[in-house]
Amino acid sequence: YYITNNLSMATQRRNPLTGEWIIVSPHRISRPWGGEKSSSTGQGFSKVSSYLSPGATRSNGSVNPLYTSTFVFPNDFSALVQATPGEEAGTEPGEEAGTEPGEEGTPGTEPGEEAGTEPEDELFQSEPAGGECHVMCFSPHSHLSLPLMRDEDILSVIREWIRLSDQLKYNLYVQIFENKGAMVGCSNSHPHCQIWSSSFLPYLISLEDSHQREYFAKHNSPLLVKYLEKEMRCKTRVVEESEYWVALVPYWAKWPFELLLLPTRHVTKLRDLTEEEVLDLSSTMKRYLTRYDNLFECSFPYSMGWHEAPNTTTDCSHWQLHAHYYPPLLRTATVKKHIAGYEMLAQCQRDLTAEDAAQRLKDCDALVHFTQRDID
């Protein structure tokens, strides 16, 4: 079902969530590689303590508690800052918006321009970027990434995701994401994630929102609900399946072993999951993340994030909760995919088909992590 059979021909596949087209060139998969090779060691296996460890002192002088489960704290270097009441972006303390310091009357205005407004210029647009950022450590153990954790400990992480998503809903959008491994830019090996909640709708979320809304208006069905129905007809790209969750390599995947995680029913937000779905998510995550690590027998790097409906009063029936996993590894534990050249300047391209990637992941053990094979 929607499978590329001619492996000697390049094709394009469209991502219906964003409208982006991806070039698929399976005939290039055997090309020789003489480029960069990264270290195969990564986050998840280091027992070295860091500033995220229990009792450690962080760079701002704060001392972490001796936590025994998850630990959440405001990011010491937050990218988003919540504006104080009555404060507008770009003003100094004691200065009114739209005025120039030291001027009298109605300063900062040009003839014909109203006080307190900025001249419109579509080439130089700016808006406030308010919000707040938090960090969440998964556990006190620096050597335990999610696939190495017990189901009940993964469950604690999921419950904290749900709690934070609900607690921060006064912001327009809450983005939960994890960068795992130095290869994707993670600056600390202690397994953790981040939660950025913003007063605005981020660009990629806005794209997904508009495309899901357009599809729903045309078909009276959520885009990702219909998509999963079609994928389940043949299951060629399905990697992990449970009663309540499906993890698959999407038809339009950009990254070599990209995964899309979907609930089997229509649900728009993390906080709307049932207890059965939450419990099932814990074991399902452990299985497909174990497949990831077993693929190249390394702590598999990735960037992942949950996408849920925005916190708005408008109807979000067009949304479907989902999570994206974007791993950079291409053919071994040391060779990664680079977004450069044609892909940076024109259009993204991949060699490995989504179907081949899914089969390689399905061929990996989902129950026994490679580091535990020789343990009695």
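Up top is the structure.
Residues numbered from 1 in each chain as written. Predicted model: local features only at pLDDT ≥ 70, side-chain atom pairs only at ≥ 80, totals over all residues. Heavy atoms only, no water.

Student: Sorry if this is basic, but what is going on with the sheet that holds strand β12 (residues 349-350) here?
Tutor: Each strand in a sheet pairs with another by means of backbone hydrogen bonds, the pair being arranged parallel or else antiparallel. Ordered by their spatial adjacency, three strands build an open sheet running β1-β2-β12, and the pairing between neighbours is mixed. Sheet topology places β1 (11-14) and β12 at the edges, where each strand pairs with a single neighbour. Of the strand pairs in this sheet, β1 and strand β2 (residues 21-24) are connected by four bridges, and their pairing is antiparallel. Note that in β2 the partner of R13 across the bridge is I22. (Pairing = 2+ DSSP bridges. Helix = DSSP H or I, 4+ residues; strand = E, 2+ residues; numbered from the N terminus.)

Student: I keep staring at the packing of helix α1 (residues 151-167) against helix α4 (residues 275-296) and nothing clicks. Help me out?
Tutor: What describes two packed helices is the angle between their axes and the distance between those same axes. Between α1 and α4, the shortest axis-to-axis distance is 9 Å and the interhelical angle comes to 125°. By the angle between their directions, the pair α1 and α4 is classed as oblique. Along this stretch, α1 crosses α4, giving a crossing that reads as right-handed. Contact with α1, carried on its side by D151, I154, L155, I158, R159, W161 and I162, involves E275, V278, L279, L281, S282, S283, M285 and K286 of α4 and no other residues of that element. Taken together, the residues of the contact of α1 with α4 break down into nine nonpolar, two polar and four charged. (Axes fitted to C-alpha atoms, helices over the stretch in contact; angles between N-to-C directions. Parallel < 35°, antiparallel > 145°, perpendicular 65-115°, else oblique. Left-handed = near helix turned anticlockwise from the far one by under 90°. Contact = heavy atoms within 4.5 Å. Nonpolar A, V, L, I, M, F, W, Y, C, P; charged D, E, K, R; others polar.)

Student: Looking at this structure, how should I read helix α3 (residues 223-231)?
Tutor: Every α-helix winds through 3.6 residues per turn, so residues three or four apart in the chain are directed the same way. Within the sequence span of α3, burial applies to L223, L224, V225, Y227, L228 and E231. On its buried face, α3 is in contact with α2 (203-219), β7 (238-241), β8 (245-248), β9 (259-263) and β11 (322-326). (Buried < 20%, exposed > 50% of the residue type's maximum accessible area, 1.4 Å probe, protein only.)

Student: How do you make sense of the sheet that holds strand β4 (residues 131-137) when you look at a structure like this?
Tutor: Spatially, nine strands are ordered β3-β4-β6-β5-β10-β11-β9-β8-β7 in an open sheet, and the strand pairing comes out antiparallel. Here the strands that pair on one side only, and so sit at the sheet edges, are β3 (71-74) and β7. When strand polarity is set aside, the average angle formed by the axes of neighbouring strands in this sheet is 20°. Looking at chain direction, β8 and β9 are connected through four bridges and run antiparallel. Each bridged residue has a counterpart across the sheet, and for L248 the counterpart in β9 is L260.

Student: What exactly am I supposed to notice about the side chain of S221 here?
Tutor: Along the polypeptide, S221 turns up in the loop between α2 and α3. With a relative accessible area of 12%, S221 lands in the buried category. Not counting the four nearest positions on each side in its chain, S221 is found in contact with Y215, F216 and K226.

Student: Sorry, what's going on with the packing of aromatic side chains here?
Tutor: How two aromatic rings sit relative to each other is set out by the distance from centre to centre and by the angle between their planes. Scanning the model with the defined rule gives 13 aromatic pairs in all. Taking 5.6 Å as the distance between ring centres and 80° as the angle between the ring planes, the aromatic pair formed by F177 and W196 counts as edge-to-face. Of this pair, F177 sits in strand β5 (residues 173-180) while W196 sits in strand β6 (residues 192-198), placing them 19 residues apart in sequence. Exposure remark for F177: the relative accessible area of 16% places this residue in the buried category. By relative accessible area, which is 31% here, W196 ends up partly exposed. The interplanar angle of 45° and the centroid separation of 4.6 Å between the aromatic rings of Y227 and W252 together place this pair among those described as tilted. In this pair, Y227 sits in helix α3 while W252 sits in the loop between β8 and β9, placing the two residues 25 residues apart along the sequence. Its relative accessible area of 4% is what places W252 among the buried residues. (Phe/Tyr/Trp six-rings, centres within 6.5 Å; stacked < 30°, edge-to-face > 60°.)

Student: How should I be thinking about the layout of surface pockets in this particular structure?
Tutor: Using a probe with the size of a water molecule, rolled over the atoms, empty space left in the structure can be pinpointed. Considered as a void within the structure, the largest pocket measures approximately 710 Å³ in volume. If you trace the largest pocket, you find 31 residues lining it, with Q175, L204, H307, H324 and Y326 closest to the centre. Among the elements of the structure, β5, β6, α2, β10 (302-307) and β11 are those that each provide at least two residues to the lining of the largest pocket. (1 Å grid on protein atoms, 1.4 Å probe; cavity = no way out; pocket = protein on both sides within 12 Å on 5 of 7 lines; lining within 4 Å. Points joined across faces, edges and corners; volume = space filled by probe spheres on them.)

Student: Sorry, what's going on with the pairing of β7 here?
Tutor: Two faces make up the sheet, and in a regular strand the side chains alternate between them. Inspection of the sheet shows β7 paired to β8 by three bridges, in the antiparallel sense. Counted as the bridge partner of E240 is A247 from β8. In textbook terms, the turn of a hairpin is the stretch between consecutive antiparallel strands, and for β7 and β8 this stretch comprises three residues.

Student: In this structure, what is going on with α1? I would like to understand it.
Tutor: Over its 17 residues, α1 extends 24 Å from the first C-alpha to the last, a length consistent with the 24 Å expected when each residue adds 1.5 Å. Restricting attention to buried positions, one finds in α1 the residues I154, L155, V157, I158, E160, W161, I162, L164 and S165. Elements that come into contact with the buried residues of α1 comprise β3, β4, β5, β6, α4 and β10. (Expected span 1.5 Å × (residues − 1).)

Student: Help me understand the environment of P16, please; the structure alone is not making it clear to me.
Tutor: Summarising the element assignment, P16 is placed in the loop between β1 and β2. Here P16 falls in the buried class, since its relative accessible area comes to 19%. Along the chain, P16 and E208 lie 192 residues apart, while their C-alpha atoms are 8.4 Å from each other. Beyond its immediate chain neighbours, meaning those up to four positions away, P16 contacts H211, L223 and W252.

Student: Could you clarify how one ought to interpret unusual backbone geometry in this entry?
Tutor: Comment: phi is negative for the bulk of residues other than glycine, and the bulk of peptide bonds are trans. The backbone of N220 shows a phi angle near 55°, a positive value even though the residue is not glycine. You can see N220 is positioned in the loop between α2 and α3. If you check the backbone angles, E297 has positive phi at about 50° while not being a glycine. Position of E297 among the secondary structure elements: in the loop between α4 and β10.

Student: Please clarify how the pattern of salt bridges should be interpreted in this entry.
Tutor: Proximity of charged atoms lets side chains of opposite charge pair with each other. Within this structure, the stated rule accounts for 21 salt bridges. Of the charged contacts, one joins R159 and E275 as a salt bridge, the two residues approaching to 2.6 Å between their closest N and O atoms. Taken as a pair, R159 in helix α1 and E275 in helix α4 lie far apart in primary sequence, 116 residues in all. Between E241 and K235 there is a salt bridge whose closest N-O contact spans 3.1 Å. Using a relative accessible area of 34% as the deciding quantity, one classes K235 as partly exposed. Here the residues in one salt-bridge network are R13, E231, R237 and E355, joined through shared partners. (Salt bridge = Lys/Arg side-chain N within 4 Å of Asp/Glu carboxyl O.)

Keep in mind these numbers describe shape, not what the thing actually does.
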